Amino acid sequence: MSKRFNRRSRRAVIPLAAVSALVAGAGLTGCGQQRDASVYTVLNSSTDETYHRWDAEAMARCGERLGVTIEQQSVPAAQVMTKALRMASSKSLPDVVQFDASEMPTFAEAGGLVDLRTLGLSTADIPQGIVNFGSYRGTYYGAARSVNTLALFYNKDVLDRAGLRVPATWAELRETAQRLTRGKRYGLALSAGGAEDGVFQFTPFMWSNGGDETRLDGPEVVQALDYWKSLLKDGSLSKSTVGWTQADVNDQFMAGNAAMMINGPWQVETLNTKKSLHWGIARIPVPEAGGKSVGPLGGAVLTVPNTGDEQRERTAGKIVACLSSEQEQLTYALNSWMVPANEKAAAVWRQRVPELDALADQVAAARSRTAKLGAGWSSVSLALQSAFQSALTGESSQAALKRAQQRATSGNRGTRP
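Residues numbered from 1 in each chain as written. Predicted model: local features only at pLDDT ≥ 70, side-chain atom pairs only at ≥ 80, totals over all residues. Heavy atoms only, no water.

Considering the nonpolar core
Definition in use: To form a nonpolar core, buried Ala, Val, Leu, Ile, Met, Phe, Trp, Tyr and Cys residues must be joined to one another through side-chain atoms within 4.5 Å. For every residue, the accessible area obtained with a 1.4 Å probe (protein chains only) is divided by the maximum for its type, and the residue is called buried under 20%, exposed over 50%, and partly exposed between those limits. Numbering of helices and strands starts at the N terminus; helices are DSSP runs of H or I of at least 4 residues and strands are runs of E of at least 2. Throughout, a contact is declared for two residues whenever any of their heavy atoms are within 4.5 Å.
Core analysis: the largest hydrophobic core is formed by 76 residues, its most contacted members being Phe99, Phe153, Trp279 and Trp349. In terms of residue count, the dominant contributor to this core is helix H3 (residues 80-89) (six residues). When neighbours within four sequence positions are excluded, tryptophan 279 is seen to be in contact with Phe153, Tyr154, Lys156, Phe253, Val268, Leu271, Asn272 and Leu356. Grouped together as the second largest cluster of nonpolar side chains are 53 residues, Tyr51, Leu152, Phe202 and Phe388 included.

Structure, rendered in structure tokens:
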């Protein structure tokens with residue numbers, strides 16, 4: 001039985017207005033509760049034993065370097081935002097919060113974060129795309145230790161026995177998936193569930209086809225969703241796809257119920273526990289040969305909440321700088337199989353894990369989900385989730401996405417891009 005582990009867990013989408021009201025009402029510029037001057041707290045989602053241990057070790061190293069004690073509070077990913085809001089309302093915010101990058105703009109929009117550059121953090125050696133990943137309206141609020149994206153994982157033995165090459169285009173993926181669908185084994189597994197997992201997995205198909213989150217009913221987006229529908233119609237995807245998370249997809253792949261899957265590097269640790277499974281990865285296929293495979297840039301960013309205590313904020317900035325330093329990034333990335341955000345660390349990482357080279361190439365072309373809409377992304381995500389459920393269970397993609405566009409526009413009314 002594989003370990004159910006998913007770095008892209010379901011998250012509750014909290015309306016911006018509610019976040020703003022809670023943060024504004026928290027009186028963040030007040031002193032809040034009395035704190036131990038030598039103890040600093042980091043709120044994160046490292047509830048998995050290995051990630052919690054790796055973070056604890058990194059915090060111990062940085063704490064020793066800075067002469068402070070760093071403690072971590074770990075809650076499930078879906079609860080980080082709500083936990084931070086509760087702590088803000090009681091004026092007990094942690095010194096550092098590790099937000100999923102798609103959630104960070106919402107807290108930044110509400111005025112709850114400090115500009116990291118004012119705390120002395122540099123963005124040298126960080127690609128601009130990753131700087132943007134941790135920024136909101138041009139202000140650098142979140143430092144990434146590592147980033148991730150999606151790739152095509154495939155069972156080498158299954159493809160070899162069938163005499164098939166790894167697909168590179170949509171047409172090749174569709175044909176290969178059809179030919180590999182046999183008995184209880186599907187050719188491909190992906191997540192189209194009604195949560196952020198499904199949206200994360202749809203973006204490579206939408207973006208690589210020229211689609212855009214600002215026009216969900218555009219022909220390129222409709223075509224991408226129609227492509228998913230064609231895989232389902234072929235029988236290459238399980239009908240359960242509409243309910244699967246990315247962890248479920250990985251379980252199916254490991255059990256031999258899928259020859260290929262769309263997934264991310266957070267599954268590698270679990271994949272490697274099954275020694276008889278010989279897997280490889282490739283970039284996600286594109287609509288036409290020679291096209292650019294554009295995936296979503298994923299991961300978390302370390303932020304410093306606006307507590308009003310400037311001295312603690314400066315030390316918190318040093319903690320973030322240490323945890324996101326070149327060496328700490330490399331250590332974390334080698335443990336977690338993610339790609340370091342720092343270019344120098346990433347170059348060493350490529351040499352150390354050449355089997356994931358295709359992932360590094362995919363990251364180089366990846367985009368942040370919130371780059372265009374900022375805090376408005378949450379409305380788009382909810383609208384797309386609903387569209388998948390409708391289109392993959394019978395409704396036309398055009399109708400489902402037209403409704404999604406109306407819903408997203410309504411949800412983003414008053415939110416500046």
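Still more to cover.
Some thoughts on the pattern of salt bridges
Between side chains of opposite charge, a pair can form when the charged atoms approach closely. Stated precisely, the cut-off is as follows: Here, a salt bridge means any side-chain nitrogen of Lys or Arg that lies within 4 Å of a carboxyl oxygen of Asp or Glu.
Within the structure shown, the criterion is met by 16 salt bridges. With its nearest N and O atoms 3.2 Å apart, the salt bridge here joins glutamate 109 to arginine 137. Of this pair, glutamate 109 sits in helix H4 (residues 104-109) while arginine 137 sits in the loop between strand S4 (135-136) and strand S5 (139-140), and the two are 28 residues apart along the sequence. What makes glutamate 109 partly exposed here is its relative accessible area of 26%. The residue aspartate 212 makes a salt bridge to lysine 372 at a minimum N-O spacing of 2.3 Å. With aspartate 212 in the loop between helix H8 (196-208) and helix H9 (219-234) and lysine 372 in the loop between strand S15 (367-368) and helix H16 (377-391), this pair connects stretches of sequence that are 160 residues apart. Owing to a relative accessible area of 38%, lysine 372 belongs among the partly exposed residues under this scheme. Beyond isolated ion pairs, a larger network of salt bridges with shared partners links Arg61, Arg65 and Glu328.

Describing the packing of H8 against H9
We apply this condition: All axes here are fitted lines through C-alpha atoms, helices being fitted over the stretch that makes contact, and every angle between N-to-C directions spans 0 to 180 degrees. Here the angle decides the label: under 35 degrees means roughly parallel, over 145 means roughly antiparallel, 65 to 115 means roughly perpendicular, and every other value means oblique. By the definition used in this description, the sense in which the near helix is turned from the far one sets the handedness, with an anticlockwise turn below a right angle giving left-handed and a clockwise turn giving right-handed.
The interhelical angle for the contact between H8 and H9, taken along N-to-C directions, is 115 degrees, at an axis separation of 9 Å. Comparing the axis directions of H8 and H9 gives the class roughly perpendicular. Crossing angle aside, the handedness with which H8 passes H9 is right-handed. Here H8 contributes Gly198, Gln201, Phe202, Phe205 and Met206 to the contact with H9, which in turn contributes Val221, Ala224, Leu225, Tyr227 and Trp228.

Describing the state of the cysteines
Working definition of a disulfide: a covalent bond connecting the sulfur atoms of two cysteines. The line we're drawing: Disulfides are defined in this document as cysteine sulfur pairs within 2.5 Å.
Overall, the coordinates contain one disulfide when judged by the stated rule. A sulfur-sulfur distance of 2.1 Å marks the disulfide that ties cysteine 62 to cysteine 322. Judged by the sign of its S-S torsion, about -90 degrees, the bond between cysteine 62 and cysteine 322 is left-handed. Taken as a pair, cysteine 62 in helix H2 (residues 49-66) and cysteine 322 in helix H12 (residues 310-323) lie far apart in primary sequence, 260 residues in all. Overall, cysteine 62 belongs to the buried group, its relative accessible area being 0%.

Quick look at unusual backbone geometry
Trans is the prevailing form of peptide bonds, just as negative phi is the prevailing case for residues other than glycine. Non-glycine residue aspartate 125 carries a positive phi angle of around 70 degrees. Within the element layout of this structure, aspartate 125 appears in the loop between H4 and helix H5 (128-133). Unusually for a residue other than glycine, tryptophan 337 sits at a positive phi of about 70 degrees. Summarising the element assignment, tryptophan 337 is placed in the loop between helix H13 (326-336) and strand S14 (339-340). Classification of tryptophan 337 as buried rests on a relative accessible area of 17%.

Here we look at the side chain of arginine 312
For arginine 312, the location among the structural elements is in helix H12. The exposure class of arginine 312 is buried, given its relative accessible area of 8%. Every residue in contact with arginine 312, bar those within four places of it in the chain, is listed here: Arg35, Asp36, Ala37, Val39, Tyr40 and Asp95.

A word on the sheet that holds strand S2 (residues 69-74)
We count it as follows: Pairing between strands is defined by DSSP: at least two bridges between the two strands are required.
Ordered in space as S2-S1-S3-S13-S6, the five strands form an open sheet in which the pairing is mixed. Strands at the two margins of the open sheet, each flanked by one partner only, are S2 and strand S6 (143-144). Sitting on the sheet, H2 is in contact with strand S1 (39-44) and S2, with an inclination near 160 degrees to S2. Contacts from H12 reach S1, S2, strand S3 (96-100), S6 and strand S13 (300-303) within the one sheet, and its direction differs from that of S1 by about 55 degrees.

Comments concerning the environment of serine 397
Filter applied, for reference: Pairing of N or O atoms within 3.5 Å defines a polar contact, subject to two protein rules: one partner must be a possible hydrogen donor and the other a possible acceptor, and residues neighboring in sequence count only if both atoms are side-chain atoms.
Positionally, serine 397 belongs in helix H17 (residues 397-411). Separated by 171 residues in sequence, serine 397 and aspartate 226 place their C-alpha atoms 6.2 Å apart. In contact with serine 397, other than residues within four places in its own chain, are Val222, Leu225, Asp226, Lys229 and Ala391. Side-chain polar atoms of serine 397 contact the side chain of aspartate 226, separated by 2.7 Å.

Section: the sheet that holds strand S11 (residues 279-282)
Spatially, four strands are ordered S9-S10-S8-S11 in an open sheet, and the strand pairing comes out mixed. Each of the sheet's edge strands pairs with one partner strand only, and the pair in question is strand S9 (186-189) and S11. Here the strands of the sheet are splayed against their neighbours by 20 degrees on average, with no regard to which way each runs. Of the strand pairs in this sheet, strand S8 (residues 151-155) and S11 are connected by four bridges, and their pairing is antiparallel. Each bridged residue has a counterpart across the sheet, and for asparagine 155 the counterpart in S11 is tryptophan 279.

Some thoughts on the packing of aromatic side chains
The cut-off we apply is this: A pair of aromatic rings is counted whenever rings of Phe, Tyr or Trp (Trp by its six-membered ring) have centres within 6.5 Å, and the orientation is called stacked for planes under 30 degrees apart, edge-to-face for over 60 and tilted otherwise. Ring-over charges, as used throughout, are those where CZ of Arg or NZ of Lys falls within 6 Å of the ring centre and within 35 degrees of the ring normal.
Tallied over the entire structure, the rule returns 12 aromatic pairs. Between the aromatic rings of tyrosine 51 and tyrosine 332, the centroid separation amounts to 6.3 Å while the plane-to-plane angle is 75 degrees, which identifies the pairing as edge-to-face. Remark: tyrosine 332 occurs in helix H13 and tyrosine 51 occurs in helix H2; sequence separation between them is 281 residues. Per residue, the accessibility class of tyrosine 51 equals that of tyrosine 332, and both read buried. Taken together through their ring pairs, the aromatic side chains of Trp170, Phe202, Phe205, Tyr227, Trp228 and Phe388 make up a single cluster. Arginine 145 extends its terminal NZ or CZ atom over the ring of tyrosine 332, reaching a point 4.1 Å from the ring centre.

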